[in-house]
Amino acid sequence: MKRCVVCEKPIAGKQQDHYYRVKAQTNTYHSQTVRSLKRKLELIERLGGGCRKCGYRTNIAALHFHHSDPNTKRMKLDMRVLSNRNWEVIVAEASKCELLCSNCHAEAHHPELVLSTIQQLLSGASRQETTG
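It should be emphasised that the depicted structure is a prediction, and the values quoted were computed from it without experimental measurement. Along each chain, residue indices are assigned from 1 in the same order as the chain's sequence is written. Residue-level local features of this predicted model are given only where pLDDT is at least 70; pairs of side-chain atoms are given and counted only at 80 or more, and the full residue set underlies all totals for whole chains, interfaces and linings. Each side-chain value is derived from all of the structure's non-hydrogen atoms; neither hydrogens nor water enter the calculation.

### Regarding the nonpolar core
Considering soluble globular proteins, one finds that nonpolar side chains tend to be buried as a cluster. With 16 residues, the main nonpolar core has Leu 43, Phe 65 and Leu 77 as its most contacted residues. Working definition: helices are DSSP H or I runs of at least four residues, strands are E runs of at least two. Numbering for both runs from the N terminus. Of all the secondary-structure elements, those providing two or more residues to this core are helix 2 (29–46), strand 1 (63–67), helix 3 (79–84), helix 4 (87–94) and strand 2 (97–101). Looking at this core element by element, the count peaks at four residues for strand 2. Residue contacts are defined here by distance: any two heavy atoms, one from each residue, within 4.5 Å place the two residues in contact. In this view, Leu 43 contacts Phe 65, Leu 82, Trp 87, Ile 90, Val 91 and Ala 94; residues no more than four positions away in its chain are not counted. Take the buried Ala, Val, Leu, Ile, Met, Phe, Trp, Tyr and Cys residues and link them wherever side-chain atoms come within 4.5 Å; each set so joined is a nonpolar core. Think of it in three bands: with a 1.4 Å probe and only protein chains considered, a residue is buried below 20% of the maximum accessible area for its type, exposed above 50%, and partly exposed in between.

Structure, rendered in structure tokens:
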């Protein structure tokens, strides 16, 4: 039995015309998702396969493309861009990036929020409140 490639429900009769139209299209939600996942996997491999700082490589949702120099950033490499932009443009943008896990990426963008620094600031503020 044939199934719809979008909703996976069984199809019969005239619905089969819809099945063949949808299956042939390259811009369905399903085809864009598959294309973006394949492209992200390819870029991950090109950038070493895991986080450059800690080596994390378990879940691709937690691997981010971090622009080392924000002045050269033309676009972010999210799933929408990966599914719809020209591959050569994507590769050129990825060449400006390093692969970081979400934790290392957050630390790269917010080095001032290191836990020990925040604790020192708060303990200093607490001492001032009690003496002031």
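### Remarks on the side chain of Ser 36
Looking at the secondary structure, you find Ser 36 in helix 2. Overall, the relative accessible area of 3% leaves Ser 36 in the buried class. Sequence-distant contacts of Ser 36, that is, excluding residues within four places in its chain, are made with Met 79, Leu 82 and Ser 83.

### A closer look at helix 4
The complete set of buried residues in helix 4 reads Ile 90, Glu 93 and Ala 94. All buried residues of helix 4 project into a common sector of 100° when viewed along the axis, lining one side. Check the buried side of helix 4 and you find it contacts helix 2, strand 1, helix 3 and strand 2. N or O atoms within 3.5 Å of each other form a polar contact, as long as, within protein, one can give a hydrogen and the other can take it, and as long as residues adjacent in sequence are counted only when both atoms are side-chain atoms. The backbone nitrogen of Glu 88 has a side-chain oxygen 2.8 Å away, supplied by the residue at the start of helix 4, namely Asn 86. The directions from the helix axis to the C-beta atoms are what the arc is built from.

### Quick look at the pairing of strand 2
With five of five residues buried, strand 2 is to be regarded as a mostly interior element. In strand 2, alternate side chains face the same way, and those of Cys 97, Leu 99 and Cys 101 on one face and Glu 98 and Leu 100 on the other are all buried. One requirement defines pairing of two strands: DSSP has to find at least two bridges between them. Strand direction decides the pairing type here: strand 1 and strand 2, joined by five bridges, are antiparallel. The partner of Leu 63 across the bridge, within strand 2, is Cys 101.

### Some thoughts on the pattern of salt bridges
Any Lys or Arg side-chain nitrogen found within 4 Å of a carboxyl oxygen on Asp or Glu counts as a salt bridge. Going through the model one piece at a time under the given rule, you end up with four salt bridges. Of the charged contacts, one joins Glu 42 and Arg 46 as a salt bridge, the two residues approaching to 2.9 Å between their closest N and O atoms. With a gap of four residues between them, Glu 42 and Arg 46 both fall in helix 2, about one helical turn apart. Using a relative accessible area of 34% as the deciding quantity, one classes Glu 42 as partly exposed. Two residues, Glu 93 and Lys 96, come together in a salt bridge whose shortest N-O distance is 3.0 Å.

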